[in-house]
Amino acid sequence: MNFSDSEIVASLMQDEGYEISGESKDADVVLVNTCSIRDNAEQRVRKRLRELKALKKNNPFLKIGVIGCMAERLKEQLLEEEQSVDLIVGPDAYRDLPALLDKVEEGQKAINVILSTKETYSDITPVRLDKNGVTAFISIMRGCENFCAYCVVPFTRGKERSRDVKTIIQEARDLFENGYREVTLLGQNVNSYFREDDGKQTSFYELLEQVAAVSPQLRVRFATSHPKDISDELLKAIGKHHNICNAIHLPVQSGSNNILSLMKRKYTREWYLDRIAAIRKYIPGCAISTDIIAGFCTEKDEDHRDTISLMNRVGYDYAFMFKYSERPGTIAQKKLDDDVPESVKSERLQEIIDLQQQLSHASNKRDIGKTFEVLAEGFSKKSADFLMGRNSQNKVVVFPKGNYNKGDYLNVKINDCTPATLIGTAT
Ligand code: SF4
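Now for a description of the structure that goes with this document. (Residues numbered from 1 in each chain as written. Predicted model: local features only at pLDDT ≥ 70, side-chain atom pairs only at ≥ 80, totals over all residues. Heavy atoms only, no water.)

**A few points about the overall build of the protein**
Okay, step 1: Along the protein, the regular secondary structure elements total 14 helices and 19 strands.
Okay, step 2: The globule rule puts the C-alpha radius of gyration for 427 residues at 22 Å, and the 22 Å found for the protein is close to it.
Okay, step 3: Within the protein, the fraction of its 427 residues that count as buried is 54%.
Okay, step 4: Restricting to contacts in the protein with at least 6 residues of sequence separation, those with at least 24 account for 70%.
Okay, step 5: Here the protein has roughly 19,500 Å² of accessible surface; of this, 49% comes from carbon and sulfur atoms.
Okay, step 6: Each charge class in the protein can be summarised by its mean position, and for the 60 positive and 63 negative side chains these summaries are 3 Å apart. (Helix = DSSP H or I, 4+ residues; strand = E, 2+ residues; numbered from the N terminus. Rg over C-alpha atoms; globule rule 2.2 N^0.38 Å. Buried < 20%, exposed > 50% of the residue type's maximum accessible area, 1.4 Å probe, protein only. Contact = heavy atoms within 4.5 Å. Areas by Shrake-Rupley, 256 points an atom, 1.4 Å probe, with all protein chains shown as cover. Lys, Arg positive; Asp, Glu negative; His and termini not counted. Charge placed at Lys NZ, Arg CZ, Asp CG, Glu CD.)

**Comments concerning the side chain of N246**
Okay, step 1: The topology assignment puts N246 in the loop between α9 (232-240) and β12 (247-249).
Okay, step 2: The exposure class of N246 is buried, given its relative accessible area of 17%.

**A short note on the packing of aromatic side chains**
Okay, step 1: This structure, assessed with the given rule, holds eight aromatic pairs.
Okay, step 2: Ring geometry for Y94 and Y121: centres 5.9 Å apart, planes at 20°, overall stacked. Residue Y94 is found in the loop between β3 (87-89) and α5 (97-105), and its partner Y121 is found in the loop between β4 (110-112) and β5 (135-139); the two are separated by 27 residues along the sequence.
Okay, step 3: We classify Y94 as buried; its relative accessible area is 0%.
Okay, step 4: Accessibility expressed as a relative area gives 1% for Y121, which makes it buried.
Okay, step 5: Measuring from centroid to centroid gives 4.9 Å for F296 and Y324, while their planes differ by 75°, and the two rings are edge-to-face. Placement of F296 in the loop between β13 (287-294) and α12 (301-314) and of Y324 in the loop between β14 (318-323) and α13 (331-335) is noted, with a sequence separation of 28 residues between them.
Okay, step 6: We classify F296 as buried; its relative accessible area is 0%.
Okay, step 7: Taken together, the ring pairs in this structure connect Y150, F296 and Y324 into an aromatic cluster.
Okay, step 8: One Lys or Arg, R38, reaches over the ring of F322 and ends 3.4 Å from the middle of that ring.
Okay, step 9: Geometry around W271 places R275 over its ring, the cationic atom sitting 5.5 Å from the centre. (Phe/Tyr/Trp six-rings, centres within 6.5 Å; stacked < 30°, edge-to-face > 60°. Lys NZ or Arg CZ within 6 Å of the ring centre and 35° of its normal.)

**Some thoughts on the packing of helix α11 (residues 269-282) against α12**
Okay, step 1: Packing of α11 against α12 brings their axes to within 11 Å, and their N-to-C directions diverge by 10°. Relative to α12, α11 is oriented roughly parallel. In the crossing of α11 with α12, the sense of the turn from one axis to the other is right-handed. Touching R269, Y272, L273, I276 and R280 of α11 are D306, S309, L310, R313 and V314, all from α12.
Okay, step 2: Partitioned by chemical class, the residues of the contact of α11 with α12 number five nonpolar, one polar and four charged. (Axes fitted to C-alpha atoms, helices over the stretch in contact; angles between N-to-C directions. Parallel < 35°, antiparallel > 145°, perpendicular 65-115°, else oblique. Left-handed = near helix turned anticlockwise from the far one by under 90°. Nonpolar A, V, L, I, M, F, W, Y, C, P; charged D, E, K, R; others polar.)

**What about the sheet that holds strand β17 (residues 396-400)?**
Okay, step 1: Judged by pairing direction, the barrel is mixed, and its five strands sit side by side in the order β15-β16-β17-β19-β18 before closing back on the first. Along the sheet, successive strands turn relative to each other by an average axial angle of 50°, direction set aside.
Okay, step 2: Examined bridge by bridge, strand β18 (residues 409-417) and strand β19 (residues 421-426) share five bridges and lie antiparallel to one another. Paired with V412 across the two strands is A426, which belongs to β19. (Pairing = 2+ DSSP bridges.)

**Regarding α11**
Okay, step 1: Taking 1.5 Å of rise per residue, 14 residues should cover 20 Å, and α11 covers 20 Å from first to last C-alpha, within 8% of that figure.
Okay, step 2: The complete set of buried residues in α11 reads R269, Y272, L273, R275, I276, A278 and I279.
Okay, step 3: Those residues of α11 hidden inside the fold are in contact with α9, β12, α10 (257-263), β13 and α12. (Expected span 1.5 Å × (residues − 1).)

**Details of the side chain of T421**
Okay, step 1: Structurally, T421 is set in strand β19.
Okay, step 2: The class of T421 is buried, set by a relative accessible area of 19%.
Okay, step 3: Sequence-distant contacts of T421, defined by excluding residues within four places in its chain, comprise N364, V396, V398 and D416.

The values are spatial; any link to function lies outside them.
Now the structure itself:
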């Protein structure tokens, strides 16, 4: 989401005559787009700000801005704590950036952290910062109102709002005409997308089908889904269209009903497993990935065992796994004790990571001997003689380059794998 927002900010700045600089040391303005989801993310931003402060010694005209969730969360406090920062701009105030920079030029500090109930930046054509020219993000909604107990997003990104269908489809068409072959529709809670324009209602699965209809050569992905909104209609739509990718990221967070209830996730373990069964029924061969938090408030060993057993039941292809990190202002911080000792959080997280490593490797081993359609995205990291791409299941596939180029679709037979990569040859 932040990457996509940076592309919107780059577009707004370009319209004002700014150019993108390759390196911070060559820039007159550096904007740090920030995340508040974990304390660790914020500490990395603080470190980056210290590095940037050093650049001000060589370039006294350098202006440093903090944008995104950390700007929204800390507001003026950040200006007080980080003397090098000139500008603070929240996620719904990017249109105000040029005016705020003018104020900074006049020697003042500037801040706008007003959240909006309407802003979707629908009329902005993002500047594509990812240079592969094959895959791109399209932001289709902003904000979230789920108020999961541990999460800061509803406070930093405001109310949920969906972007109008017409501009989303136009953006997908423009990307396709410019050579892009894959779009990822983005939202904090993407599958609760809902829009009514001129009396016509569009829900997420209908939008997905419309984007897929832009061209059978345009792959469509989406992130991130909430388990409560994974409807049968959505799964049927994915199963029906060859170019809607067979990969669903479905954050479970915990396998324990006690913890899910404390987290205010609005589903139970049973509901979640029912949705997994529905995915397997409507989209055979669909990859399923997840997010897991280890050591949430009050988590007992039996809750942790529930998470482990759920991971085994689902057999995730991939997972993002973290220790619980208490965030100021959240429901959990106000009402629950962060009472699981750090050492226990670490132990549980390690067990989760080790298990996922095995599950990912087993999933990749099952693919040996299969042939997948792969969209080539560029050279592999290790050798210019190899290309890398992804299959519909979002797995990275590496294969000898031959006469293929990025942007090509080709069939690759898998001969080998690591826990993270499939290795094959074009057929
Ligand atoms: S669904 Fe929950 S975890 Fe996801 S952004 Fe919204 S509040 Fe945060």
